[in-house]
Amino acid sequence: MKAILMAVFIGVFYSCSFQNNSTSEDDSVIIPLSTADPSENISELEKLDAFISNRKIVAMGEATHGTREFFQMKHRVFRYLVEEKGYRVFLMEATFGECQLVNDYLQHGKGTALDALKAMEGNGWQTIEVLEMLKWMRTFNKDRSGNDKIRFYGFDLIYTKQSTLAFLEFLKIVEPNKVEELSDKLDDFAANRLHFYGASPSDQQLEKWENELSPVIEEFENNEKQYSAKTSEEMYRIARQNLRVLEQALAILKGYDRDEFQAENVKWIMNYEEVDAKAMIWAHNGHISCLSPGRLGYYLKNSMGDDYYSIGFEFAKGNVLVHKENEYISRQLSDPLPGSYGEKLCRLKKPIIFVDFSILPKNSSIRNTFQGPLLHRHIGVDYGNEADAYRKVSLIKSYDSIIFIENTNSAIWVNNNI
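## Some points on helix H7 (residues 128-141)
Okay, so step 1: Counted at 1.5 Å a residue, the expected span for H7 with its 14 residues is 20 Å, and the 20 Å between its end C-alpha atoms agrees.
Okay, so step 2: Burial analysis of H7 places 11 of its 14 residues in the buried class, the great majority of the element.
Okay, so step 3: What H7 keeps buried is the set Ile128, Glu129, Val130, Leu131, Met133, Leu134, Trp136, Met137, Arg138, Phe140 and Asn141.
Okay, so step 4: Its buried side turned inward, H7 meets helix H4 (68-85), strand E3 (89-95), helix H5 (96-108), helix H6 (113-118), strand E4 (151-156) and strand E5 (279-282).

## Concerning the packing of aromatic side chains
Each aromatic ring pair is characterised by the separation of its centres together with the angle its planes make.
Okay, so step 1: Applying the stated rule across the entire model yields 22 aromatic pairs.
Okay, so step 2: Consider the rings of Phe78 and Trp136, whose centres lie 6.4 Å apart with planes at 80°: the pair is edge-to-face. With a gap of 58 residues between them, Phe78 in helix H4 and Trp136 in helix H7 connect regions that are remote in the sequence. The pair formed by Phe78 and Trp136 is uniform in burial state, with each residue classed as buried.
Okay, so step 3: When the centroid spacing of 5.7 Å and the interplanar angle of 65° are considered together, the rings of Phe170 and Phe220 count as edge-to-face. On the criterion of sequence distance, the pair formed by Phe170 in helix H8 (residues 161-174) and Phe220 in helix H11 (residues 203-222) is long-range, its members being 50 residues apart.

## Describing the pattern of salt bridges
Okay, so step 1: Across all of its chains, the model carries 25 salt bridges by this definition.
Okay, so step 2: In this structure, the salt-bridge partner of Glu83 is Arg79, at a minimum N-O distance of 3.3 Å. Residue Glu83 and its partner Arg79 are both found in helix H4; the two are separated by four residues, about one turn of the helix.
Okay, so step 3: Judged by its relative accessible area of 34%, Glu83 falls in the partly exposed class.
Okay, so step 4: We classify Arg79 as buried; its relative accessible area is 16%.
Okay, so step 5: Of the charged contacts in the structure, one is a salt bridge between Asp259 and Arg295, with a shortest N-O distance of 3.1 Å. Linking Asp259 in helix H14 (residues 258-272) with Arg295 in the loop between helix H15 (285-288) and helix H16 (296-304), this pair joins segments that are 36 residues apart in sequence.

## Focus: the pairing of strand E6 (residues 308-324)
Okay, so step 1: Buried residues dominate E6, accounting for 13 of its 17 residues.
Okay, so step 2: With four bridges joining them, strand E2 (residues 57-60) and E6 adopt parallel strand pairing. In the sheet register, Ile57 faces E6, and the bridge partner there is Tyr308.
Okay, so step 3: Relative to strand E11 (residues 401-408), E6 is paired through seven bridges, and the arrangement is parallel. Bridge assignment links Phe315 to a residue of E11, and that residue is Ile405.
Okay, so step 4: When E6 meets strand E7 (residues 327-332), the two strands line up antiparallel, connected through six bridges.

Cut-offs used in this document
Residues numbered from 1 in each chain as written. Predicted model: local features only at pLDDT ≥ 70, side-chain atom pairs only at ≥ 80, totals over all residues. Heavy atoms only, no water. Helix = DSSP H or I, 4+ residues; strand = E, 2+ residues; numbered from the N terminus. Expected span 1.5 Å × (residues − 1). Buried < 20%, exposed > 50% of the residue type's maximum accessible area, 1.4 Å probe, protein only. Contact = heavy atoms within 4.5 Å. Phe/Tyr/Trp six-rings, centres within 6.5 Å; stacked < 30°, edge-to-face > 60°. Salt bridge = Lys/Arg side-chain N within 4 Å of Asp/Glu carboxyl O. Pairing = 2+ DSSP bridges.

Pasting the structure below:
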């Protein structure tokens, strides 16, 4: 808390180019956007072409896990990338196994959009905004075939249930006589007992899980040719990746890095896809950031260079959907702290803007402002107090660009509105 207060004190006196309104220097590098609404005309996003259109991965963050306009803007940009730039792969900060159920809906119309949405546990994705995006994706796919369809993947590893069940379904085809035995061995994985936010297993329990999983993986790999012949190489690879998620979930409980596994999974997905596939990542700002080791964006930027392009989000004021006592509620946020990025960007008097940092003039006041470091909003699924809602960072070092939305609203939780 002392650090936050000191940062506020310093921020009041910080030299800033944004003096109540933008200057001509600011206007030359700031791209105003009219709306976040994905149903509106997307032609204005052509102004972003020079920055986003030829990247292998465009990663879009969010300063909270529960802001309506962030979700809508990401939907809007993805719609543009799909309809105008040939992007067909969507990567969500959700578990790999769960998102296979979402993809089944998008590819084949299996179930409903609401069924697909509710397959994704955690992170507050079960909102009207995400539901509307899934409906749009399914509509887009209906009259298309093969690689012209949008494919939906999860690159996270929090929950093990659906990956376990998907592996057992594959086993029914290739080794039906072993399903019952391995179902018993993998029972804890199928019951999500390795969920790292809630699990605190003993060393003995971790060893037990490892001893149950390791021989399953070894035998599976030894039978790769046989299993691929009975199904297909693609089906085998998906099944093996489901087992990999179980390995990762177990490793996280032993102290390994979640974001490094996320990066591994993103690379696996892009390798599984066609060579020229282009993708968008949907995740929190904290994951897509390139700032420091231990972040998804850091690993991808280092391995992909300019083929990885990150867009962070910032805002000034509004409401946010947060998790509290087993339910999701809307919470009013305080105005941005003095000297924070949100407060300084608010001075521009522009409701929504996009800024690419690569075109900011060297040694300019506007570049110095984005260089910071200043306080940057950082709110996850849970929200405690104002002191925990910021991180002091350099935006230029964290992302390739930023979208600022001055006024925001809570995302709408489906259970309260359907």
